[in-house]
Amino acid sequence: MKLKKIFFDGIFSNNPVLVQLVGMCSVLAVTTSVVNAIGMGFSVVFVVTCSNIVISMLRKFIPDKVRIPAYIVIIATFVTLVQMFLSAYIPALNASLGLFIPLIVVNCLILARAESFASKNSVFSSMIDGVGQGIGFTCALVVLASVRELLGNGTWFGFPILGKNYVSIGVITQAPGAFIILGLLVAGFNILNKKVNAKKEGGN
């Protein structure tokens, strides 16, 4: 499999959030602000990339019967490193993300990549897959958070954009608003994907 295809699959045609619909718990919870979305996104990029590398390196040595517990231990190690880093250097972000950093351990995206890709492919391919999937996850989070923060609070990155007189849409910052915006993004992304694929088929 070509490395370029592996990388871009995670961002576009196999996007974790907009196509696979995995990791929805953290996606809906942390996207109330762009800062939180970027923090969670970069954390996932680090964890999925590093865990993919290690799992690919050890794939021939991990017994099949204990592969899932072994994957979780490896993933948990990198999640702990992320939490320690945030706690030491970015405590405000660590407090804002709260429980959702430890919950990266059971994020369906990371376990899925470990099981379906890293355990069957080379180290370098697994690293590219982890980076692509992580960036795709981050991009989706940032887009969702941008819409929610802008409509919900009239700000972006904490800076006022829509002015002091803007009447915020409170429901957007709550769970129902997150579902609505995510649904619209998924629908728009699917329409765009169909048009792109139709052009590719027409060109061929």
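Look up a bit, the structure's there.
Residues numbered from 1 in each chain as written. Predicted model: local features only at pLDDT ≥ 70, side-chain atom pairs only at ≥ 80, totals over all residues. Heavy atoms only, no water.

> Help me understand the overall build of the protein chain, please; the structure alone is not making it clear to me.
Scanning the protein chain for helices and strands turns up 8 helices and 2 strands. Against the 2.2 N^0.38 benchmark of 17 Å for 204 residues, the protein chain shows a C-alpha radius of gyration of 18 Å, consistent with a compact globule. Based on the C-alpha atoms only, the size of the protein chain along its principal axes is roughly 60 × 55 × 25 Å. By the burial criterion, 41% of the 204 residues in the protein chain qualify as buried. Put simply, of all contacts in the protein chain between residues at least 6 apart along the chain, 74% involve residues at least 24 apart. Of the roughly 10,800 Å² of accessible surface on the protein chain, a fraction of 71% belongs to carbon and sulfur atoms. Computed over 15 positive and 6 negative side-chain charges, the inter-centroid distance for the protein chain is 4 Å. (Helix = DSSP H or I, 4+ residues; strand = E, 2+ residues; numbered from the N terminus. Rg over C-alpha atoms; globule rule 2.2 N^0.38 Å. Buried < 20%, exposed > 50% of the residue type's maximum accessible area, 1.4 Å probe, protein only. Contact = heavy atoms within 4.5 Å. Areas by Shrake-Rupley, 256 points an atom, 1.4 Å probe, with all protein chains shown as cover. Lys, Arg positive; Asp, Glu negative; His and termini not counted. Charge placed at Lys NZ, Arg CZ, Asp CG, Glu CD.)

> Honestly, the pattern of salt bridges in this entry has me stumped. Any pointers?
Where charged atoms from two side chains of opposite charge come close, those side chains can pair. Considering all chains together, one arrives at 4 salt bridges under this definition. Close ionic contact of Asp64 with Arg67 constitutes a salt bridge, the shortest N to O distance being 3.3 Å. You can call Asp64 exposed: its relative accessible area is 55%. If you follow the salt bridges from partner to partner, you end up with Asp64, Arg67 and Glu115 in one network. (Salt bridge = Lys/Arg side-chain N within 4 Å of Asp/Glu carboxyl O.)

> Explain helix H6 (residues 108-118) here, please?
What sets the pattern is the α-helix's 3.6 residues per turn: residues three or four places apart point alike. All of the buried residues along H6 are Leu109, Ile110, Arg113, Ala114, Phe117 and Ala118. Projection of H6 onto a plane perpendicular to its axis shows the buried side chains occupying an angular sector of 135°, all on one side. Those residues of H6 that are buried lie in contact with helix H1 (3-11), helix H3 (34-58), helix H4 (67-89) and helix H7 (123-153). The opening residue of H6 is Asn107, an N-cap whose side-chain oxygen sits 2.8 Å from the backbone nitrogen of Leu109. (Arc of directions from axis to C-beta. Polar contact = N/O pair within 3.5 Å; in protein donor to acceptor, adjacent residues only side chain to side chain.)

> Explanation requested: the nonpolar core in the structure shown.
The tendency in soluble globular proteins is for nonpolar side chains to be buried as a group. In terms of nonpolar packing, the biggest core is built from 42 residues, with Val17, Met40, Val47, Ile101, Ile104, Phe137 and Leu141 touching the most fellow members. Sort the elements by how many residues they give to this core and H3 lands first, with 8 residues. For Val17, the residues in contact, after removing those within four places along its chain, are Met24, Val27, Phe137, Ala140, Leu141, Leu182 and Val186. (Core = buried A, V, L, I, M, F, W, Y, C linked by side-chain atoms within 4.5 Å.)

> For this particular structure, what's the right way to read unusual backbone geometry?
With the exception of glycine, most residues fall at negative phi, and the peptide bonds are largely trans. One non-glycine residue, Leu21, lies in positive phi territory at about 55°. Structurally, Leu21 can be placed in the loop between H1 and helix H2 (24-30). Using a relative accessible area of 44% as the deciding quantity, one classes Leu21 as partly exposed. Positive phi is not limited to glycine here, since Phe157 has a value of about 60°.

> Honestly, the packing of aromatic side chains in this entry has me stumped. Any pointers?
Each aromatic ring pair is specified by the distance between its two centres and by the angle formed by the two planes. One pass over the structure, following the stated rule, counts 5 aromatic pairs. Where Trp156 meets Phe157, the ring centres are 4.8 Å apart and the plane angle is 85°; that geometry is what we call edge-to-face. You can call Trp156 partly exposed: its relative accessible area is 38%. Ring-pair connections join several aromatic residues into one group, and the members of that group are Phe7, Phe8 and Phe12. (Phe/Tyr/Trp six-rings, centres within 6.5 Å; stacked < 30°, edge-to-face > 60°.)

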